[in-house]
Amino acid sequence: MAESSPPTEKLTNLTLSEDTKQKNSPPKKTDSKQGKNAPPKQQREWTQEMEADLQRILTVGEECISPEELKKLILAKGRGSDHPVGFNLYDGFEPSGRMHIAQGVFKAMNVNKCTLEGTNSKFTFWVADWFALMNDKMGGDLEKIKTVGKYLIEVWKAAGMNLENVVFKWASEEITNNADVYWPTMLDVARRFNVTRIKKCCQIMGRLEGNLTSAQVLYPLMQCTDVFFLKADICQLGVDQRKVNMLAREYCDAAKIKNKPIILSHHMLYGLKAGQEKMSKSDPDSAVFMEDTAEDVERKVMAAYCPNQEVEESSEEAKGSGDAGKESMHLTKDTLKNPCLDYIQNIILCPPGSTFTVQGKTYDTFEPIRADFLDGKITEEELKKGLIQELNNLLQPVREHFTHDENAKHLLEQVRQFKKEGNGKVDEKKIRRLNLVAMGKIQSNCHAVFAPLPTANPSLQDVLGTLTKIRSNNNNNGGISTVLFLPDWTARVCNRCDADVKVIDAFYTIFLAALQALDADTMKNVVVMKQSEAILQDPSNYWISVINIGRYFSLDDIMGSNVQDSDGVGIVIGRLMKIADIMGLEPGSIAMDSSEDESIERALIERYYEEKLQSMTKPMFFSTKTTSLALQMIDSEAHKTENYEYFVLDDPKVHGKSKMKKAFCEPGNIEFCPPIVLANAFGPADIEIKRSVENGGDVVYQNKQDMESDFKSGSLHPGDLKATASTIMVGVLDKISSIIKKDKGLTIASKSLKALEKKMSKKKK
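Residues numbered from 1 in each chain as written. Predicted model: local features only at pLDDT ≥ 70, side-chain atom pairs only at ≥ 80, totals over all residues. Heavy atoms only, no water.

## Comments concerning the nonpolar core
Right, so step 1: Tyr 343, Leu 460 and Trp 543 are the most contacted members of the largest nonpolar core, which totals 223 residues.
Right, so step 2: Per element, the largest residue contribution to this core is 13 residues, and it comes from helix α21 (residues 501-518). (Core = buried A, V, L, I, M, F, W, Y, C linked by side-chain atoms within 4.5 Å. Buried < 20%, exposed > 50% of the residue type's maximum accessible area, 1.4 Å probe, protein only. Helix = DSSP H or I, 4+ residues; strand = E, 2+ residues; numbered from the N terminus.)

## Let's talk about unusual backbone geometry
Right, so step 1: The omega torsion across Ile 65 and Ser 66 is 0 degrees, close enough to zero to call that bond cis.
Right, so step 2: Following the sequence through the fold, Ser 66 ends up in the loop between β1 (63-65) and α4 (67-77).
Right, so step 3: In this structure, Lys 256 takes a positive phi of about 60 degrees despite not being glycine.
Right, so step 4: By secondary structure assignment, the location of Lys 256 is in the loop between α12 (242-255) and β6 (262-265).
Right, so step 5: We classify Lys 256 as exposed; its relative accessible area is 75%.

## Points about the environment of Ala 159
Right, so step 1: For Ala 159, the location among the structural elements is in the loop between α7 (142-158) and β4 (166-170).
Right, so step 2: In this structure, the C-alpha to C-alpha distance between Ala 159 and Ile 101, residues 58 residues apart in sequence, is 9.7 Å.
Right, so step 3: In this structure, Ala 159 is in contact with Ala 108, Met 290 and Val 398, ignoring residues within four places of it in sequence. (Contact = heavy atoms within 4.5 Å.)

## A look at the side chain of Glu 598
Right, so step 1: On the secondary structure map, Glu 598 appears in helix α27 (residues 596-612).
Right, so step 2: Look at Glu 598 and you get buried, because its relative accessible area is 10%.
Right, so step 3: With near-sequence residues (within four places) excluded, Glu 598 lies in contact with Lys 469, Lys 578, Met 592 and Asp 593.

## Side note on the sheet that holds strand β12 (residues 589-593)
Right, so step 1: Reading across from one edge, β11-β10-β9-β12-β13 is the order of the 5 strands in this open sheet, with parallel pairing throughout. Edge positions in the sheet fall to β11 (526-530) and β13 (620-624), since each has one partner strand and no second. The average angle at which neighbouring strand axes cross in this sheet is 30 degrees, direction not considered.
Right, so step 2: Pairing analysis gives 3 bridges linking strand β9 (residues 447-450) to β12, with the strands arranged parallel. Within β12, the position partnered with His 447 by the bridge is Ser 589.
Right, so step 3: In this fold α21 packs onto β10 (482-486) and β11, with an angle of close to 150 degrees to the strand it touches most, β10.
Right, so step 4: With respect to the sheet, helix α26 (residues 570-585) is in contact with β9, β10, β11 and β12, its orientation differing from that of β9 by roughly 150 degrees. (Pairing = 2+ DSSP bridges. Axes fitted to C-alpha atoms, helices over the stretch in contact; angles between N-to-C directions.)

## Section: the confidence of the model for the protein chain
Right, so step 1: For the protein chain, per-residue confidence averages 89 on the pLDDT scale, and 89% of positions sit at 70 or higher.
Right, so step 2: Segment residues 1-35: pLDDT under 50, and 88 contacts once partners within four positions in sequence are set aside and those in other chains are kept. (pLDDT = per-residue confidence, 0-100.)

## Examining helix α16 (residues 366-374)
Right, so step 1: Regarding α16, the residues found buried are Phe 366, Ile 369, Arg 370, Asp 372 and Phe 373. Taken down its axis, α16 places every buried residue within 165 degrees of arc, on the same side.
Right, so step 2: Close packing links the buried residues of α16 with α15 (339-348), β7 (356-358), β8 (361-363) and α17 (380-404).
Right, so step 3: Taken from the residues just after α16, Gly 376 is the one with a positive phi, measuring 90 degrees. (Arc of directions from axis to C-beta.)

## Observations regarding the sheet that holds strand β2 (residues 87-93)
Strand pairing in a sheet relies on backbone hydrogen bonds. The paired strands run either parallel or antiparallel.
Right, so step 1: Strand order in the open sheet made by the 6 strands is β1-β6-β5-β2-β3-β4, with mixed pairing throughout. Every interior strand has two partners, whereas the edge strands, β1 and β4, have only one.
Right, so step 2: One ladder, built from 3 bridges, connects β1 with β6; its direction is antiparallel. Residue pairing across strands places Ile 65 opposite Ile 263, the latter belonging to β6.
Right, so step 3: Here α12 sits on the sheet in contact with β1, β5 (234-235) and β6, set at roughly 175 degrees to β6.

## Some thoughts on α17
Right, so step 1: Taking 1.5 Å as the rise per residue, α17 with 25 residues should run 36 Å; its terminal C-alpha atoms sit 35 Å apart, in good agreement.
Right, so step 2: Along its length, α17 shows its largest kink, about 40 degrees, at Leu 395, and proline Pro 397 lies within four residues downstream of that point. (Expected span 1.5 Å × (residues − 1). Bend = angle between axes of the 7 residues up to and from the residue.)

Spelled out as structure tokens, the structure:
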């Protein structure tokens, strides 16, 4: 998995992006005297008006996590505080079709409760157009999705939502304009959770847990990111979004963020048909919609499920299926599940001071209505007729708005047309992607090489493997420029080096220096590109390409055979990003090795080109193989020690000889002989082995085969072989060490890596 940076004039001059600098800059110092002498801030007195705000806002939610935190928030930012902005509530809506009454009238009423004059609050609506794209709404056509979003805003205007303290923000615009903030936050969220935890959020998309595309894993990660990007104090979404909101609170624990977002989850209205846990936009008779005619409302309500007998659920129903997508969307026990009563309680009687009249009797609370209906004092027909009258009263201003306002009328016509057309697939002739060639960042038809993901201690194995991939261009495709892609953002999402931007940059700085030290001639013609900097050239098209790739592949496809549900979900994101990276590079060839990860990635890349990118030329793949530089045989990764292999930062004097001395070197064994491998990998064309006259005198080997032959026969002694191999490795390490010591930036980078290694060693203990 790899990432990018624009061409660098000097391999050691890797610069940190602005978000990197900010994240890694030390906190500003405060005046210690001022801090000690400043009197503690006196807590404001809790007033009746604040209590009224608290109780009114709590009526919005079927659940609040937690009322105590909400009270503290009101004290800190609410009514009468000096806070310039007040507290911020947020809800996101996915423009995916017509608006039903819960999303329209119910939401408008709740927003008005939360932003009543004097409350000192703001409600932010996140128009989640990109999320609709991920959820494959409107056939993945972003322009249609935006049109639906505009229609929904018109509905709220007409439904009586007080927009004075309401802000609408379009996800595609806000994310693109703040890509250097949004996407690093998303990567940080992703690195902290495994696949299992993210699958549990699938209910927010109306999807079953075992039937997810890869893009639908991105959905909860981005929704969690939204909370922090929008600086939301309160997540005011439906109960069906509870799990991703809880994910945001869990992220606060993991990231050590003190103030967690408060969760205020509103009730999910039942669908009008029996057994419908919520309304469905795909079933027009499951709900009353905001532009329904009076005749539509009467027909739907009169046909609605309306039981008057309570039924206890079975033990099997109570237990559930174990699939998060099938779990109930209601937090309170309801043995009636009557949608007509649900509408009366949560829509008709929602506004303060509202009433419901049936057969000449007026009710101002819900329980007496329910009791009279169950006792037979109100018949089903009477209940439904009263409900029809009240619903039409609420919807009439909306009907008039969409009849007389030309803009609103046109938007509704478009949305209805989209519905007739169905969820057809968008014309994908235009491929949305990063295009680094068109931007002039790289030459066309390049040879692409992806640098390895960073570790605290870069190995010579990785350096040699990368050099082999770079050289494959000269061997197989001469005259074409090579791009070495540094996957720094993939490293972050995969939690490499604790996702520390400074350390990740340090790794690549040292890694490039090692490549330069070992083969300066080859590196002269290599363009180094850092993934984060490449992405930020055109973040919108890049991430749309990631989303589209995710829409095409199932989650199981991307996970492949070597990613389990218990593994970090960042691996999934990283694989999607790698395909998008290659689309952005549009290379003529790619060098990949035979490791399991790269074999899976290659298969995904080839499949996507063949089935979705026919208008682009599929790159050739050069399979490279690098001989293992392991110094010892081990049974498992757990048995690795520092003497298992050579590292870039090894001390030439200390490790050069000591590691070779401990290396496996069984007489006559050429199947596994590290000294022979290392001598031929890093030594000169002609390798001279110094020996005493008694042992046969000095000998020069011009190829590996002759050396192996003599070692196998016993004419080359392990001691003489190790002495020569040791001298070669001391020279290699000394060459790298000298370059690092002469450059201040490299010296700082090496210290950063060593500090992380020390920190990780302590964690293991």
